[in-house]
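# A look at the structure
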Amino acid sequence: MSYRTWLATIGLACGMASPWSAVASQTTSPETTLLEFAESVTAEHFDVRAAREEVDAAISRQNAASQPLYNPELNFEAESGGEQAAFGDEVSKLGVGISQTIDWSDKREVRALAAQGAVLSAKAELSLVEQQIAAKALKALISYRTSQQLVDLAQNRVDVLQRFVDLSEDRKRAGDIGQTDLDLARLALAEGQSTLAEQRVQANEALQSVRELASGTPRGWPGLPEDLPPPIESAGLDELAKRHPRIAALRSKLAAAQAEIDVAKSNRNADPVIGASVSRDGENDIVGLNFSIPLYVRNDYSDEVDSAASNALAVEARMHAEYERLQAQLKTALENYQGSRNALQDWNQAVSGRLDEGLDLLERLWQVGELNATEYLLQIQQRLDTRASGLRLQAQTWSSWTNWLVVSGDWQAGLSELGL
């Protein structure tokens, strides 16, 4: 067996099975799932709280709209036969009466239906806000966990280059290499340390993004599962678009806008006022009935109906536009996830088990003079850069999957079904 073959055998024996193995494992809470993390963030976020208050306000408005529109009115009447103050000795007529405006066209029911549509719209908006916050939290967590891995990888790069510098100094003292090779090793170490500092800054920025949304400490946040979610079926995109919270919210707004047309139409119907009174004029008892109704001759309120109809048409147009846009987003999100997932699988098959074992082998080849310093550094950088690209591809795949959950409209069911 040749010496180079012997070195390769030793390198393979020392190699690790996974390209992620040189990256330190994440310190996470095994009990916390991605679903629990996202739900805890949405439960505490102020945008979600504001949306819940909007729902409560809409329910209160619905209750108010269900109440009778008019209360009865009680009238008192007194007439004086002289110049003395009312209720004085000269009062000659006293009377009491009651009147009630009649909801002739059942405006209460129409307004209650409109308020009910507003409640449904507010609830759909709440679901939409929860989905947006959950997606933001999951993407921030993915970015943070990936940045942690990149920091570990950058630290691994520094450790490898530091060992290279130490060995280069030993070989320089032994006269095996020249000053140029030692300087090259030191410059590579300085570059690696700069990269490590940049990765740490990016990791802190990613950590800040998560802290802005989630409570607790990073130790309690979940890590990314080792296995990716399964491929997604492309069938049924139209049904997903129809059930999406954005479409549901617009559909509820359309129902509320159409109900407002009925409200505007009902306001064109005048409500009569009927009343009864009892009075005493001198020695005579008088019973009276009265009836009045507004005359909508100067303003028939037709413009309000036209305005409500135009508003409903505008909401309907926005709903159709959003539906078309959502269909395109579904197709794009699906293609992005499938493409990223397939690329990551191909990457794993291409490099799995080769990166770490290659570093051991390269060091031994350099020590025996089979590689010069430049070739050694070039090979190291290529392997570490390949590992970093794999981490970024993994993050891109998870981000594409998260985006699919958002676009598909049911992130809770998606996480729950996968046990995440």
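Every chain is numbered on its own, with residues counted from 1 as its sequence reads. Totals for whole chains, interfaces and linings use every residue, but because this is a predicted model, local features are given only for residues with pLDDT of at least 70 and side-chain atom pairs only at 80 or more, for both listing and counting. Side-chain descriptors were evaluated using all non-hydrogen atoms of the structure, hydrogens and water having been removed beforehand.

## Remarks on the overall build of the chain
Only DSSP runs of H or I reaching four residues or more are called helices, and only runs of E reaching two or more are called strands; each is numbered from the N terminus. Helix and strand counts for the chain stand at 11 helices and 4 strands. Scored against the burial criterion, the 420 residues of the chain give a buried share of 40%. Of all intrachain contacts in the chain linking residues separated by at least 6 positions in sequence, the fraction that spans at least 24 positions is 83%. Each residue gets one of three labels from its accessible area relative to the maximum for its type: buried under 20%, exposed over 50%, partly exposed in between, using a 1.4 Å probe on protein chains only. Two residues qualify as a contact provided that any one of their heavy atoms is within 4.5 Å of a heavy atom in the partner residue.

## Some words on a nonpolar patch on the surface
A contiguous nonpolar patch, built from L74, F76, V96, I98, V278 and V287 and spanning about 620 Å² of accessible area, is present on the exposed surface. The set of elements that each furnish at least two residues to the nonpolar patch consists of β1 (73-80) and β2 (91-101). Structurally, the position occupied by F76 is in strand β1. Residue F76 is classed as exposed on the basis of its relative accessible area of 68%. Surface patches are defined over residues having more than 30% relative accessible area and no salt bridge, joining like charges when they lie within 9 Å and nonpolar side chains (Val, Leu, Ile, Met, Phe, Trp, Tyr) when within 5 Å. To be clear on the numbers: accessible area is Shrake-Rupley with a 1.4 Å probe, and residue cover counts the displayed protein chains and nothing else. Definition used for salt bridges: Asp or Glu carboxyl oxygen within 4 Å of a side-chain nitrogen of Lys or Arg.

## Some thoughts on the pattern of salt bridges
In the structure shown here, the tally under the stated rule is 11 salt bridges. With a closest N to O distance of 4.0 Å, R52 and E130 form a salt bridge. Of the two residues, R52 is situated in helix α3 (residues 46-65) and E130 in helix α4 (residues 107-174); the sequence distance between them amounts to 78 residues. You can call R52 partly exposed: its relative accessible area is 31%. E125 is the salt-bridge partner of K253, the closest N and O atoms lying 3.1 Å from each other. Residue K253 is located in helix α7 (residues 245-267), and its partner E125 is located in helix α4; the two are separated by 128 residues in the primary sequence.

## Describing the packing of helix α2 (residues 34-44) against α4
In contact at an axis separation of 9 Å, α2 and α4 are set at 125° when each is read in the N-to-C sense. Looking at the two axes, α2 sits oblique to α4. The hand of the α2/α4 crossing is right-handed. Contacts between α2 and α4 pair L34, F37, A38, V41 and T42 from the former with E130, I133, A134, A137, L138 and L141 from the latter. Residues are grouped as follows: Ala, Val, Leu, Ile, Met, Phe, Trp, Tyr, Cys and Pro are nonpolar; Asp, Glu, Lys and Arg are charged; every other residue, Gly included, is polar. Along the lines of polarity and charge, the residues of the contact of α2 with α4 split into 9 nonpolar, 1 polar and 1 charged. Orientation is described by lines fitted to C-alpha atoms, with helices fitted over the stretch in contact, and by angles between N-to-C directions that extend from 0 to 180 degrees. Every angle not falling under 35 degrees, over 145, or within 65 to 115 is termed oblique; those three ranges are roughly parallel, roughly antiparallel and roughly perpendicular. When the near helix sits turned anticlockwise from the far one by under a right angle, the crossing is termed left-handed; a clockwise turn instead gives a right-handed crossing.

## Considering unusual backbone geometry
The backbone phi angle of D106 is positive, close to 60°, even though this residue is not glycine. Of note, D106 is situated in the loop between β2 and α4.

## Observations concerning the nonpolar core
It is characteristic of soluble globular proteins that their nonpolar side chains tend to be buried jointly. Residues belong to one nonpolar core when they are buried, are Ala, Val, Leu, Ile, Met, Phe, Trp, Tyr or Cys, and are joined through side-chain atoms within 4.5 Å. Judged by nonpolar contacts, the single largest core of 47 residues is most densely connected at F37, W221, L330, W404 and L415. When contributions to this core are tallied by element, the ones reaching two or more residues are α2, α3, α4, α5 (179-211), α6 (237-243), α8 (302-351), α10 (373-408) and α11 (411-417). Here this core takes 12 residues from α4, the largest share from any one element. L196, A203, Y376 and L377 belong to the second-largest nonpolar core, a separate cluster that totals 26 residues.

## Focus: the confidence of the model for the chain
In low-pLDDT regions, the fine details of the predicted coordinates are not to be read closely. The predictor attaches a confidence to each residue, called pLDDT, with possible values from 0 through 100. Per-residue pLDDT for the chain has a mean of 80; in total, 87% of the residues score no lower than 70. Looking over the chain, one finds the lowest element-wise mean pLDDT in helix α1 (residues 3-14), namely 29, and the highest in α3, namely 92. Within the model, the stretch residues 1-29 combines pLDDT values under 50 with 66 contacts to residues more than four positions away or in other chains.

## Focus: the environment of E77
Among the secondary structure elements, E77 is positioned in strand β1. Taking the C-alpha atoms as reference points, E77 and G97, separated by 20 residues in sequence, lie 8.2 Å from one another. Those residues in contact with E77 that sit more than four places away from it in its chain are K93, L94 and G95.

## Topic: the environment of T33
The residue T33 is located in the loop between α1 and α2 in this model. Given the relative accessible area of 25%, T33 is considered partly exposed. Here the alpha-carbon distance between T33 and S416, two residues 383 residues apart in the chain, equals 9.5 Å.

## Observations regarding the packing of α2 against α3
Across the interface, α2 lies against α3 with an axial gap of 5 Å and an inter-helix angle of 60°. On the basis of the axis angle, α2 is oblique to α3. Each of T42, A43 and E44 in α2 lies in contact with α3, whose residues at this interface are F46, V48, R49 and R52. The class makeup of the residues in the contact of α2 with α3 is 3 nonpolar, 1 polar and 3 charged.

## Structural notes on the pairing of strand β3 (residues 273-281)
Paired strands are those between which DSSP finds at least two bridges. Across 9 bridges, the pairing between β3 and strand β4 (residues 284-292) is antiparallel. Its bridge partner lying in β4, G275 is registered against N290. Adjacent in sequence and paired antiparallel, β3 and β4 are bridged by 2 residues, among which G282 carries a positive phi angle near 65°.

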